[in-house]
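# Inside the fold
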Amino acid sequence: MLLNSDIIPGASLGGVLIGETIDSVFERFSEKYEIEIFDEIAVFEGGLISIGYTPSGIVHSVMCGDRFPGNYKGILWVGMTVSDVIAKTKKQIAFGGCVVVDGIEGIGLPLPPSFDDFEKITDFLSLDHMFGNLSVFRA
């Protein structure tokens, strides 16, 4: 099975399901993809996707990098700028280290380290700041 371009907030990204075991992910994908393991994070193909999992092996988040081909309903994608986010959405909040938009739970654009709260997204990010990842997580 190959990774797909599907993004489902709070549920899955690329065919990796939130709540499944990391062992089942490895069984499906290890023959086709290079996988590196770092402290409960599995990184596929140098950052195409990264999977966070618990010490007991349960997937809790999946993040894609700039080579991931999918987007979420034309609203969110890797590589969008703050300007794009403002143009495509009505409301942006900081939640769990991500920019979450329009009340859509379980998907977000990870914020740079140490930025986890804002009144307006432009409080600390310039309009041309580019988001290099997109994350799906259980809300």
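Just so we're clear, the structure is a prediction, and the values are computed from it rather than from any experiment.

## Quick look at the pattern of salt bridges
Tallied over the full model, the rule gives one salt bridge. Among the ionic pairs, R28 bridges to E20, the shortest N-O distance being 2.7 Å.

## A short note on the sheet that holds strand 6 (residues 49-53)
Read from one edge of the open sheet, eight strands run 4-5-6-7-11-10-9-8, paired in antiparallel fashion. Every interior strand has two partners, whereas the edge strands, strand 4 (35-38) and strand 8 (92-95), have only one. Adjacent strand axes in the sheet meet at a mean angle of 30°, parallel and antiparallel pairs treated alike. Where helix 1 (residues 22-29) meets the sheet, it contacts strand 4, strand 5 (41-44), strand 6 and strand 7 (59-64), and its direction lies at approximately 15° from that of strand 5.

## Here we look at the side chain of S135
For S135, the position within the fold is in strand 11 (residues 134-137). Look at S135 and you get buried, because its relative accessible area is 8%. Beyond its immediate sequence surroundings of up to four residues, S135 is in contact with V62, M63, C98, G106, I107, G108 and P110.

Parameters and conventions
Residues numbered from 1 in each chain as written. Predicted model: local features only at pLDDT ≥ 70, side-chain atom pairs only at ≥ 80, totals over all residues. Heavy atoms only, no water. Salt bridge = Lys/Arg side-chain N within 4 Å of Asp/Glu carboxyl O. Pairing = 2+ DSSP bridges. Helix = DSSP H or I, 4+ residues; strand = E, 2+ residues; numbered from the N terminus. Axes fitted to C-alpha atoms, helices over the stretch in contact; angles between N-to-C directions. Contact = heavy atoms within 4.5 Å. Buried < 20%, exposed > 50% of the residue type's maximum accessible area, 1.4 Å probe, protein only.

On their own, these measurements won't tell you what the molecule is for.
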